[in-house]
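Structural overview for review
Residues per chain, in single letters:
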Amino acid sequence: MTAAPARRPLPPLGPTRRPPLPKVAERTLDNGLRVIAIRRPSVPLVEIRLWVPFARAPLARATVLSQTLFSGTVDRSGVELAAELQAVGGGLSAGVDADRLLVAGAGLVTGLRRMLELLGEVLTGATYPAGEVAIERARLADRIQVALSQPAHLARAALSRRMYGRHPYAESVPGVDQVRSVRPGGLRALHADRVRPTGAHLVLVGDVSPARALDTAEQVLGGWPAGGRQLTLPAAPAPRPAPLLLVDRPGSVQSSMRIALPAVDRRHPDHAALQLANMVFGGYFSSRWVENIREDKGYSYGPYSMVEHSVAGSALMLAADVATEVTAPALLETLHELGRLAVLPPDVDELEQARQYAVGSLQLGMSTQAGLAGLASTYAGFGLPLEFLAEHTARLASATRDEVAAAATRYLAPALTMGVVLGDVARIAGPVAALTEVETSDASATGVVGPDAAVPDAAG
């Protein structure tokens, strides 16, 4: 029998490098719109990101609005708008969440002015034609019905409601009946009230002269009228220790485990150390949790953990989907790894690998025009300059083993968890209750659809 070859040692990690930051030019227009232009000449394209504050907007109307924003104006139909954008190699689409309405797209640099003209036409004159609204309403209702049959969506939705209570973050998807009740008049009223430049920002990234891009944006969008209401969200409640909630999905062959822990925002002194602690725990493929329940025991294909930042608060989120019969063992190993990190800090090599991954991911994320545009827009939405990236990288590079260990103890302790497990309660409740205190939820109270239940027709 031939002996297995000896494993070769990995080469040493290189030094942590400060990310090269492009020059940023910005201008706030008289109507309140903040325009940020960044030159990235890798390809002859320009990325566009428009962030409009949308806090407290009615969820169903806001969602339908985002899907029908480009459905027509006084001068052009939705098809004509799309054709005009395509003529300059571009495209624009919109999405919404509890924080903002985001318009995103890209096109040829030579078509920047035309793209902004068409965007301005939509911002000031979207008409929301009844026929187009009805079509998109039906499509959205269909997608929501599909989501209501997906365990990952249901588990996350149950956790969000448990975490946030009456806060707007508790609901990320509107109800089907609410969507069906949206009418064009309501969309026009919401647009007039909230799609305004005050507090909004526009990011342009590409092979452009920043000064000329700012001038173009001002010439084209300077007439977007200010006004409307500026609303903000209250601070989101942090996850608080609570019994594990078991949500019944009878007959399910898999359990969806979602766990929340407290976290801090990007400005907090603990942010870098917490990010590294999370990396060591479950934030990338070589983390302890992934090695344990995926590589060693095969309980889950893709467990992950990450710090999620929203404008009104931050939280550390864990997710894993496991076979029903190993739900309790997977939960045991999860709690074990959380506790182990608090009492057994990472060694030097383990920490350095996590540090390099965190820094490298930041640099990789801004290596493309689209990635840089997304990062700049996100930072601007949180009141941060792009220079924050260099500051955060420096904090990641300097965070000590003791600081990471302290962050793990402060934020990742098992006693701080708030969690949900969606699965066949009849099969998992006993083993799970032997590990931790549990509560159960009636499936009908959470909107859970059983694996063999018929999904109602959404076309009615």
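Residues numbered from 1 in each chain as written. Predicted model: local features only at pLDDT ≥ 70, side-chain atom pairs only at ≥ 80, totals over all residues. Heavy atoms only, no water.

With that settled, the discussion passes to the overall build of the protein. When its secondary structure is counted, the protein shows 17 helices and twelve strands. The C-alpha atoms of the protein give 24 Å as radius of gyration, which agrees with the globular expectation for 460 residues (23 Å, within 12%). In terms of its C-alpha atoms, the protein occupies a principal-axis envelope of roughly 70 × 55 × 50 Å. Classification of the 460 residues of the protein by burial places 49% in the buried group. In the protein, 82% of the contacts between residues at least 6 apart in sequence involve partners at least 24 apart. (Helix = DSSP H or I, 4+ residues; strand = E, 2+ residues; numbered from the N terminus. Rg over C-alpha atoms; globule rule 2.2 N^0.38 Å. Buried < 20%, exposed > 50% of the residue type's maximum accessible area, 1.4 Å probe, protein only. Contact = heavy atoms within 4.5 Å.)

Take the sheet that holds strand β10 (residues 313-323) next. Strand pairing in a sheet takes place through backbone hydrogen bonds and is either antiparallel or parallel in direction. Taken together, the six strands give an open sheet; going across it, the order is β9-β10-β8-β11-β7-β12, and neighbouring strands pair in mixed fashion. Edge positions in the open sheet fall to β9 (304-310) and β12 (438-441), since each of these has one partner strand only. Between one strand axis and the next, the sheet turns through 20° on average, direction left out of account. Pairing of strand β7 (residues 244-248) with β12, which is carried by four bridges, proceeds in the parallel orientation. Each residue of the ladder has a partner; that of L246, found in β12, is T440. Contacting β8 (254-262), β9 and β10, helix α10 (residues 288-296) runs over the sheet at an angle of about 15° to β10. (Pairing = 2+ DSSP bridges. Axes fitted to C-alpha atoms, helices over the stretch in contact; angles between N-to-C directions.)

With that settled, the discussion passes to the packing of aromatic side chains. For the structure on display, the rule yields five aromatic pairs. Judged by centre distance (5.6 Å) and plane angle (75°), the ring pair of Y164 and Y169 falls under edge-to-face. Both residues of the pair, Y164 and Y169, count as buried. Between Y284 and Y357, the ring centres sit 4.6 Å apart and the planes meet at 35°, which makes this aromatic pair tilted. Here the residue Y284 occupies a position in the loop between α9 (271-283) and α10, and Y357 occupies one in helix α12 (residues 348-365), the gap between them amounting to 73 residues. (Phe/Tyr/Trp six-rings, centres within 6.5 Å; stacked < 30°, edge-to-face > 60°.)

Glancing now at the nonpolar core. Across soluble globular proteins, you tend to see nonpolar side chains buried next to one another. Within the largest apolar cluster, 61 residues are counted, with the highest numbers of intra-cluster contacts made by L274, L316, L318 and L412. In terms of residue count, α9 provides more of this core than any other element does, eight residues in total. Discounting chain neighbours no more than four positions away, the residues touching L274 are A263, V264, V307, L316, A407, Y411 and L412. The next biggest cluster of nonpolar side chains, apart from the first, holds 52 residues, and it includes L33, L92, V103 and V176. (Core = buried A, V, L, I, M, F, W, Y, C linked by side-chain atoms within 4.5 Å.)

Bringing the side chain of R196 into the picture now. By the secondary structure assignment, R196 is in the loop between α7 (184-194) and β6 (201-206). Of the buried charged residues, R196 lacks a salt bridge, with D193 as the closest side chain of opposite charge at 6.7 Å. Among the polar contacts made by the side chain of R196, one reaches the main-chain carbonyl oxygen of A192 at a distance of 2.8 Å. A distance of 3.2 Å separates a polar atom in the side chain of R196 from the backbone oxygen of P225. (Lys, Arg positive; Asp, Glu negative; His and termini not counted. Salt bridge = Lys/Arg side-chain N within 4 Å of Asp/Glu carboxyl O. Polar contact = N/O pair within 3.5 Å; in protein donor to acceptor, adjacent residues only side chain to side chain.)

Next up on the list: the confidence of the model for the protein. Mean pLDDT over the protein works out to 92, with 92% of the residues at or above the 70 mark. Per-residue pLDDT stays below 50 along residues 1-7; that stretch engages in zero contacts with residues further than four places along the chain or on separate chains. Low pLDDT, under 50, characterises residues 444-460; the stretch is placed with 31 contacts to residues that sit more than four places away or in other chains. (pLDDT = per-residue confidence, 0-100.)

On to unusual backbone geometry, then. Look at R56: it is not a glycine, yet its phi comes out positive at around 70°. Within the element layout of this structure, R56 appears in the loop between β3 (45-53) and α1 (59-68). What makes R56 partly exposed here is its relative accessible area of 47%. Even without being a glycine, Y128 presents a positive backbone phi close to 50°.

Moving on to the sheet that holds β3. Pairing within the open sheet is mixed, and its six strands lie in the order β1-β2-β6-β3-β5-β4. Edge strands, defined here as strands with exactly one partner in the open sheet, are β1 (24-28) and β4 (91-96). Here the strands of the sheet are splayed against their neighbours by 15° on average, with no regard to which way each runs.

Time to look at α12. Helix length check: α12, at 18 residues, gives a terminal C-alpha distance of 26 Å against a target of 26 Å (1.5 Å per residue), a fit within 8%. For α12, the full list of buried residues reads L351, A354, R355, A358, V359 and L362. For α12, the angular spread of the buried residues around the axis is 125°, confining them to a single face. Projecting away from the buried face of α12 at angles above 90 degrees are the exposed residues D349 and L364. Taken together, the buried residues of α12 touch α9, α14 (388-398) and α15 (401-411). Of the residues that open α12, the one with a side-chain oxygen 3.3 Å from the backbone nitrogen of D349 is D347. (Expected span 1.5 Å × (residues − 1). Arc of directions from axis to C-beta.)

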